[in-house]
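# Working through the structure, step by step
Next come the chains, spelled out residue by residue.
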Amino acid sequence: MTTKLDLSGLKCPLPALKTRKALRGLASGERIEVVCTDPLASIDIPNLLSETGDLLVATERQDGRIVFVIEKANGVVNGGG
């Protein structure tokens, strides 16, 4: 199952914060597709995932947007805040 989260128009730090919140609601193995327009998201989202331990499956740039496909990690990971 892939959830879609459109964060177009939001500026740092909102894309990372909203992505973190969305990841909390996923079960292990579920995926989320996050769409951002803020260029800083290309730094913030991977940094967030290094904290949470979740997996960045793909990153794609298209028409001024950055699309991240993220898979929720298995088990309990520290760093969620």
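As the structure is a computational prediction, the values presented were derived from the model and not from experiment. (Residues numbered from 1 in each chain as written. Predicted model: local features only at pLDDT ≥ 70, side-chain atom pairs only at ≥ 80, totals over all residues. Heavy atoms only, no water.)

Okay, the sheet that holds strand S1 (residues 2-7) next. Strand order across the open sheet formed by 4 strands is S1-S2-S4-S3, with mixed pairing between neighbours. Both outer strands of the open sheet, S1 and strand S3 (55-62), are each paired with one neighbouring strand and no more. This sheet shows a mean twist of 15° between the axes of neighbouring strands, independent of strand direction. Helix H1 (residues 14-24) rests against S1, strand S2 (31-36) and strand S4 (65-71) of the sheet, and its axis sits at about 160° to S1. Across the face of the sheet, helix H2 (residues 41-52) comes into contact with S2, S3 and S4 while running at roughly 10° to S4. (Pairing = 2+ DSSP bridges. Helix = DSSP H or I, 4+ residues; strand = E, 2+ residues; numbered from the N terminus. Axes fitted to C-alpha atoms, helices over the stretch in contact; angles between N-to-C directions. Contact = heavy atoms within 4.5 Å.)

Leu23, Ile32, Val34, Cys36, Ile45, Phe68 and Ile70 are the most contacted members of the largest nonpolar core, which has 13 residues in total. Of the residues forming this core, the biggest block, 4 residues, is contributed by H2. Apart from residues lying up to four places away in sequence, Ile45 is in contact with Pro15, Ala16, Thr19, Phe68 and Ile70. (Core = buried A, V, L, I, M, F, W, Y, C linked by side-chain atoms within 4.5 Å. Buried < 20%, exposed > 50% of the residue type's maximum accessible area, 1.4 Å probe, protein only.)

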